[in-house]
Amino acid sequence: MCGFAGYAGEGLGAERAPSLLSAMGQAIAHRGPDGSGIWTGSGIGLSHVRLSIVGLSDGQQPMTTPDGRYTIAFNGEIFNYVELRDELKARDATFRTGSDTEVLLQLYAHDGEACLQKLNGDFAFAIWDATERKLLLARDRMGVRPLFYTEHKGTLYFASEVKALLTVPGIEAELDAVALDQIFTLWAPIAPRTAFRNIFELEPGQMLVRENGANRLKPYWTLDFPDVGEHGATDEDHTEELRALLADAVRLRMRADVPVGSYLSGGLDSSLISALAAPMAPSGLNTFSVTFDSTEHDESSFQQQVASVLGTRHNSIASSPETIATAFPDIIRFTERPILRTAPAPLYTLAGLVRETGMKVVLTGEGADEVFAGYDIFREAKVRRFCARQPGSKIRPHLFRKLYPYLPGLKQQSAEYLSAFFNVSGTDPSDPLFSHRPRMKSTAATKIFYSADLRETLGHYDAAEELSTRLPERFRRWHPLHQAQYLETRLLLPGYILSSQGDRMAMAHGIEGRFPFLDHRLVEFATKLSPDAKLKGLREKHILREAAKGLLPDSVIERQKQPYRAPDSSSFTGPGTDEQAYVSEMLSERAVSATGLFDPVAVSRLHGKCRKQTVAGFRDNAAFVGILSTQLWAENFAKKQLVTKISALSKSSL
């Protein structure tokens, strides 16, 4: 796990390259506290900062083949590097190091772009071919590791984080108004767009090839599902196959020259990963959890139960509203985008705990809910379709009460209220975004705080409509559950979960997270399963629960999912909360007017409302956190280029 940056183009003189590459690397030094290096050639330069995990003494980068033809800068891990090295040795390859970096470099030298099909890993890398004068940038299939790029004066610049690109003279932070609207609708920008205008991210499963000053983008892997009726059945063979695949995914991700720990939330996913990892840890498994003061968010009793059953060395850290508010400015500096929830903050402090114990690597249970249909949104969509078949039913809407036991207020509501709240009759079931419309509608309600200038700039732009137009041709041929899974897996997973809550929070402390559920073999296996194997009735992750039998107590296996959440607006303000000075400053009418993104009077009213109430609704919470994080983003990145007239932003990207 590391970070890298670089450029390709003739516009940068050789005398300027080393200092620029050094500055780019320094901007992301938190990703690689164990070492750094730069390399330059004719029209090419690479910078690398290293977190040493595999090949501790001989994996320095950038790395060049002995003949000088190929040079690589690599972020991530190739988990099947042992098998690939044996394969390459059989093809007469020789190795100077024990690192997975050299395996990847040699594999590319032998197979070219086709090497990507053989990789099992979480990665982003740049490889330069000096003979062909060709640069290859590539990102892993699921989007675990980040890679950003931009073009300036004919030169391509790229980096693991945007802040490295902002060290390039002439590249300045300017807000992409469309990306902001996408965040305030979908929770994340639609890739390749980022919060920064004219700075893009390489999409998951995609490569960028640069030759002769031109860029060529193409996918090497896509998420796909079978047509309705063509998926497999649910039987014991599938359950056993799943258990074997998951165990092997964990085995590969336990490979490291340093100890590997595991996050443990107390839910099924992280508990199952920890159960599989514990026997594989030579010196015993360290597990890590975050706890909360509020019973609404806390899962510590379940964490302790699982840790006791598995016999792990358990470590936990408390997350209070005060710690969330204190960390939040740093959170935005690392996420590099506005966010609508505070959930990344506790994970930031949790990664800090891992680092304090001297560890560098942790397994996590992320990805299981997307791959095996564990989120409430999947069950909710199923109930909504069921109710839509009899829109006048007084009985069917009561099923919604079973979906959200952690929202006790719903239990008291009438069938008419539940039907209206979940938009039963307001969306056509044939709508490709049917499963996600209620979430989009609730989130988009925060736009009432937009400024007049921002509204004018956006005009009639519709983020949901753009998402709809970007869906693959085969989308409508899939089962509704698979359609919902695709939306969650291709947008929110890489755009928010793996980035704002995952890579950025862990790497802020030099911690590598590994995701067994996102092993591409497991993902491809799950796409072929019958929808009932994943969501059987309203039992989410059915086949995964079956696979967990014998590995975990029944109380953990059958426990209803409690989604990971953290206190939102109440972390910053409200009765009994000591509001920090930066919150008042960022939300002041003066500061809000200066950025020009939101209506200062409306924001002032929202701030006052949240100061008075103990519990805020979804809209107020999302708006408060979204506005505060946007203001902090502008303060962190735009600085003297703070947007004062949104109408001056280019509309060409709308």
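Just so it is clear, the model here is predicted, and its values are computed rather than measured.

## Observations concerning the packing of helix 9 (residues 321–335) against helix 18 (residues 499–507)
Where helix 9 meets helix 18, the axes come as close as 9 Å, and the angle between the chain directions of the two elements is 95°. Taken together, the axis directions place helix 9 and helix 18 in an arrangement best described as roughly perpendicular. Residues Ile331, Phe334 and Thr335 of helix 9 touch helix 18, and the partners they reach there are Ser500, Arg504 and Met505. Among the residues forming the contact of helix 9 with helix 18, the class breakdown is three nonpolar, two polar and one charged.

## Remarks on the confidence of the model for the chain
Averaged over every residue, the pLDDT of the chain is 92; residues scoring 70 or more account for 95%. Throughout residues 640–645 the model reports pLDDT below 50, and contacts reaching past four residues in sequence, or to other chains, amount to 12 contacts. Across residues 647–652, confidence stays below pLDDT 50; counting only partners more than four residues off in sequence or on other chains, it has eight contacts.

## Observations concerning the pairing of strand 6 (residues 121–129)
Along strand 6, nine of the nine residues are buried, which leaves the element largely enclosed by surrounding structure. Burial of strand 6 is two-sided: the residues Gly121, Phe123, Phe125, Ile127 and Asp129 facing one way and the residues Asp122, Ala124, Ala126 and Trp128 facing the other way are all buried. When strand 5 (residues 70–78) meets strand 6, the two strands line up antiparallel, connected through nine bridges. Across the sheet, Thr71 pairs through a bridge with Trp128, a residue of strand 6. As paired strands, strand 6 and strand 7 (residues 134–139) are joined by six bridges and run antiparallel to one another. By the bridge assignment for strand 7, Trp128 is matched with Leu135. What sits between strand 6 and strand 7 in their antiparallel hairpin is a turn of four residues, with Arg133 showing a positive phi close to 50°.

## Regarding the sheet that holds strand 2 (residues 35–41)
The six strands are arranged 2-3-1-9-8-10 in an open sheet whose pairing can be described as antiparallel. Here the strands that pair on one side only, and so sit at the sheet edges, are strand 2 and strand 10 (200–201). Strand direction decides the pairing type here: strand 1 (residues 2–8) and strand 9 (residues 155–159), joined by four bridges, are antiparallel. Each bridged residue has a counterpart across the sheet, and for Ala5 the counterpart in strand 9 is Ala159. Strands in contact with helix 1 (residues 17–27) are strand 1, strand 2, strand 3 (44–50) and strand 9; relative to strand 2, the strand with the most contacts, it is inclined by about 145°.

## Quick notes on the pattern of salt bridges
Enumeration according to the criterion identifies 53 salt bridges in this entry. Salt-bridge contacts for Arg504 lead to Asp503; the nearest nitrogen and oxygen are separated by 3.2 Å. By relative accessible area, which is 3% here, Arg504 ends up buried. The network of salt bridges with shared partners includes Arg31, Arg145, Glu161, Lys163, Glu336, Asp503 and Arg504.

## Side note on the packing of helix 10 (residues 344–356) against helix 18
Here helix 10 crosses helix 18 at 25°, and the two axes come no closer than 9 Å. Here helix 18 runs roughly parallel to helix 10, going by the angle between their axes. Read as a crossing pair, helix 10 and helix 18 show a hand that is right-handed. Listed contacts from helix 18 to Pro344, Leu347, Tyr348 and Ala351 of helix 10 are Ser500, Gln501, Met505 and Ala506. For the contact of helix 10 with helix 18, the per-class residue count stands at six nonpolar, two polar and no charged.

## Digging into the packing of aromatic side chains
What describes a pair of aromatic rings is the distance from one ring centre to the other and the angle between the planes of the rings. According to the stated counting rule, one finds 22 aromatic pairs in the structure shown. Between Phe184 and Phe598, the aromatic rings sit 5.8 Å apart at their centres with planes inclined by 45°, giving tilted as the arrangement. Separated by 414 residues along the polypeptide, Phe184 in helix 5 (residues 177–186) and Phe598 in the loop between helix 24 (589–595) and helix 25 (600–612) bring together distant segments of the chain. Here Phe184 falls in the buried class, since its relative accessible area comes to 0%. What makes Phe598 buried here is its relative accessible area of 1%. The structure contains a cluster of three or more aromatic residues connected by ring pairs, namely Phe225, Phe475, Trp478 and Tyr486.

Here is what the cut-offs are and how they apply
- By convention here, each chain's residues receive numbers from 1 onward along its written sequence.
- Given that the model is predicted, a residue must reach a pLDDT of at least 70 before its local features are reported, and side-chain atom pairs must reach 80 or more before they are shown or counted; all residues, however, enter totals for whole chains, interfaces and linings.
- Here the side-chain values reflect all heavy atoms present in the structure, with hydrogen atoms and water set aside.
- In this description, a line fitted to the C-alpha atoms serves as the axis of each element, helices being fitted only across the stretch in contact, and the angle between N-to-C directions of two axes falls anywhere from 0 to 180 degrees.
- Numbering goes from the N terminus for both helices and strands, where a helix is a DSSP run of H or I of at least four residues and a strand is a run of E of at least two.
- Any angle between 65 and 115 degrees counts as roughly perpendicular, while under 35 counts as roughly parallel, over 145 as roughly antiparallel, and the rest as oblique.
- Whether two residues are in contact is decided by their heavy atoms: any pair within 4.5 Å suffices.
- Following the grouping adopted for this structure description, the nonpolar residues are Ala, Val, Leu, Ile, Met, Phe, Trp, Tyr, Cys and Pro, the charged ones are Asp, Glu, Lys and Arg, and the polar ones are all others, Gly among them.
- Confidence of the predictor in every single residue is expressed as pLDDT, which spans 0 to 100.
- When accessible area is computed with a 1.4 Å probe and restricted to protein chains, residues below 20% of their type maximum are described as buried, those above 50% as exposed, and intermediate ones as partly exposed.
- Should DSSP find at least two bridges between two strands, the strands are taken to pair.
- In the sections that follow, a salt bridge refers to a side-chain nitrogen of Lys or Arg positioned within 4 Å of a carboxyl oxygen of Asp or Glu.
- By definition, any crossing whose near helix is turned counterclockwise from its far helix by less than a right angle is left-handed, and any crossing with a clockwise turn is right-handed.
- In this analysis, rings of Phe, Tyr and Trp, with Trp reduced to its six-membered ring, are considered paired at centre separations within 6.5 Å, and the interplanar angle assigns stacked below 30 degrees, edge-to-face beyond 60, and tilted for intermediate values.

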